[in-house]
Amino acid sequence: MKVLIAGIAGASLGTEIAKCLKLAGSYEIFGCDVSPMAFGHFSNMFDSTFNVSSDNYVANVIEICLKNKIKYLIPGGEKPLVLLSNSEKELKKNNILLIGNNFELTQKLSDKLITFKILEKNGFEIPLTKEITSINDITKLKFPCIVKPAVDSGGSDSVFIANNIDDCNLYYNILKINGKKIITQEYISLNEGEFTIGVLSLPDGKVVACTIMERIFNSKLSISQNNKLGLISSGYSQGLIKEFPELEKQARLIAMTIKSTGPINIQARVRNGVLIPFEINPRFSASTYLRALAGINEIDFLLRFFIKGENEFIYKLKPGYYLRSFTETYVPETI
């Protein structure tokens, strides 16, 4: 079955998705990207790749699908997800199925302020979260705290830890100058661990897989910031995958409560045994290939549901540590 991944830059979600499809062994894998230097163009994971225009992105992607008779399309990053989700009706008109979560949830969870209001309203414990709209709001904060954009903060992009009003004011101004909507969050201690959790639901809301990794921070790759105030993880998760029954119950309940109908990725810390999410993304995550190596290939599962109608998946979790690094390649200057 032919599948197109939109967004295939190096060390990105798109290339991790390609690894999952290659591991499953039953797909013809296509990729596209706005950059001609995207790593995926030069890897052996794809049967064919294409350059697309950023000005006519959706139209170009649809054209690739139609010319190559591709029915299944997977966003390979946050920007492709937003662009393609907003054009889902147009994709359906061309018999192209966007593999992911439902449009309504994707829109809601794209804003962290809305995300945490939804969680709090439904009784889940969250970090104290507040929107900062002026300097006056900063005087009411407790420190240390996290300062970050409400939108597009995946992979800890532009996420800071502040120890006092001066720090917070500095980070606030940096984000404001760049046109960001800004929130602050309570800093949750690492004492009981940080976890990356993939929860896969089918379109009827049934949860079919929940994979939990306790993150380790022995490598700079997994650390965005680390100082006397605390640690902010990067978008490169690695660590111990095994059964965490109590945390799994809480993660599954979150997915069902927010009416997830596809993949979500929960980034959370734990306090007094309670899962406290600080980020939820309504998509596959870049750690999805680690979960596939552990026996839970959530991308393959969801495609098998759409292609074959399967809704029960037999798998055996392979507990252990799953580590990451970069892969290098050579590209001739004249290409």
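Quick caveat, the model's predicted, so the values are computed rather than measured. (Residues numbered from 1 in each chain as written. Predicted model: local features only at pLDDT ≥ 70, side-chain atom pairs only at ≥ 80, totals over all residues. Heavy atoms only, no water.)

**With respect to the pairing of strand β4 (residues 72-75)**
Side chains Y72 and I74 project from β4 onto one buried face, and the interleaved L73 and P75 project onto a second face that is buried too. Pairing between strand β1 (residues 2-6) and β4: 4 bridges, direction parallel. Its bridge partner being in β4, V3 is matched across the sheet by Y72. Bridge analysis of β4 against strand β5 (residues 97-98) gives 2 bridges, and the strand direction is parallel. Its bridge partner lying in β5, Y72 is registered against L97. (Buried < 20%, exposed > 50% of the residue type's maximum accessible area, 1.4 Å probe, protein only. Helix = DSSP H or I, 4+ residues; strand = E, 2+ residues; numbered from the N terminus. Pairing = 2+ DSSP bridges.)

**A word on helix α9 (residues 245-257)**
The terminal C-alpha atoms of α9 lie 18 Å apart, and with 13 residues this matches the ideal 18 Å at 1.5 Å per residue to within 8%. For α9, every residue scored as buried is listed here: L247, E248, A251, I254 and A255. Seen end-on, α9 carries its buried residues on one side only, within an arc spanning 125°. Within α9, the exposed residues directed more than 90 degrees away from the buried face are P245 and K249. Where α9 is buried, its residues touch α6 (112-121), β10 (194-201), β11 (207-215), β15 (263-271) and β16 (274-281). Positive backbone phi, approximately 65°, marks K259, located one or two places after α9. (Expected span 1.5 Å × (residues − 1). Arc of directions from axis to C-beta. Contact = heavy atoms within 4.5 Å.)

**Brief notes about empty space enclosed by the protein**
A complete count under the given rule lists 1 cavity of 30 Å³ or more for this structure. Its boundaries defined by the atoms lining it, the largest cavity holds a volume of some 60 Å³. Lining the largest cavity, in full, are L13, I74, P75, L81, I99, G100, N101, P263, P282, R283 and F284. Residues of the lining of the largest cavity, tallied by class, amount to 8 nonpolar, 2 polar and 1 charged. (1 Å grid on protein atoms, 1.4 Å probe; cavity = no way out; pocket = protein on both sides within 12 Å on 5 of 7 lines; lining within 4 Å. Points joined across faces, edges and corners; volume = space filled by probe spheres on them. Nonpolar A, V, L, I, M, F, W, Y, C, P; charged D, E, K, R; others polar.)

**Structural notes on the pattern of salt bridges**
Counted under the stated rule, the structure contains 18 salt bridges. For E310, the salt bridge identified is with R304, shortest N-O distance 2.9 Å. Of the residues examined, E310 reaches a relative accessible area of 23% and is grouped as partly exposed. Ionic contacts of the salt-bridge type, sharing partners, join the residues E16, K19 and R324 into one network. (Salt bridge = Lys/Arg side-chain N within 4 Å of Asp/Glu carboxyl O.)

**Things to note about the side chain of Q267**
By the secondary structure assignment, Q267 is in strand β15. Among the polar contacts listed, one links the side chain of Q267 to the side chain of T196, at a separation of 3.0 Å. Other than its neighbours up to four places away in sequence, Q267 contacts E194, F195, T196, R215, S237, I276, P277, F278 and E279. (Polar contact = N/O pair within 3.5 Å; in protein donor to acceptor, adjacent residues only side chain to side chain.)

**Description of the layout of surface pockets**
Taken as a whole, the second largest pocket encloses approximately 360 Å³ of empty space. Residue lining of the second largest pocket: 21 residues in total, with E16, K19, S325, F326 and T327 positioned closest to the centre. Listed by contribution, the elements that provide at least two residues to the lining of the second largest pocket are α1 (13-24) and α10 (288-293). Top element by residues in the lining of the second largest pocket is α1. It accounts for 3 residues. When its residues are assigned to classes, the lining of the second largest pocket shows 10 nonpolar, 7 polar and 4 charged.

**Brief notes about the nonpolar core**
Residues I5, L21, I74, I299 and L303 are the most contacted members of the largest nonpolar core, which totals 35 residues. Among the elements of the structure, β1, α1, β4, β11, α10 and α11 (298-308) are those that each provide at least two residues to this core. It is α1 that contributes the most residues to this core, 5 residues altogether. Formed by 24 residues, the second largest nonpolar core is a distinct cluster that contains F124, C210, I212 and A251. (Core = buried A, V, L, I, M, F, W, Y, C linked by side-chain atoms within 4.5 Å.)

**Concerning the sheet that holds strand β2 (residues 28-33)**
The strand order across the open sheet built from 5 strands is β3-β2-β1-β4-β5, with neighbouring strands paired in parallel fashion. Sheet topology places β3 (48-51) and β5 at the edges, where each strand pairs with a single neighbour. Running at roughly 130° to β4, helix α3 (residues 78-85) makes contact with β1, β4 and β5 of the sheet. α11 contacts β1, β4 and β5 of the sheet and is inclined by roughly 150° relative to β4. (Axes fitted to C-alpha atoms, helices over the stretch in contact; angles between N-to-C directions.)

**Observations concerning the sheet that holds strand β7 (residues 145-149)**
Read from one edge of the open sheet, 4 strands run β6-β9-β7-β8, paired in antiparallel fashion. Each edge of the open sheet carries a strand with a single partner, namely β6 (129-132) and β8 (160-162). Here the strands of the sheet are splayed against their neighbours by 30° on average, with no regard to which way each runs. As judged from the 3 bridges shared by β7 and β8, these two strands associate in the antiparallel manner. Bridge pairing links V147 to F160 in β8. Helix α8 (residues 165-177) rests against β6, β7, β8 and β9 (182-186) of the sheet, and its axis sits at about 5° to β7.

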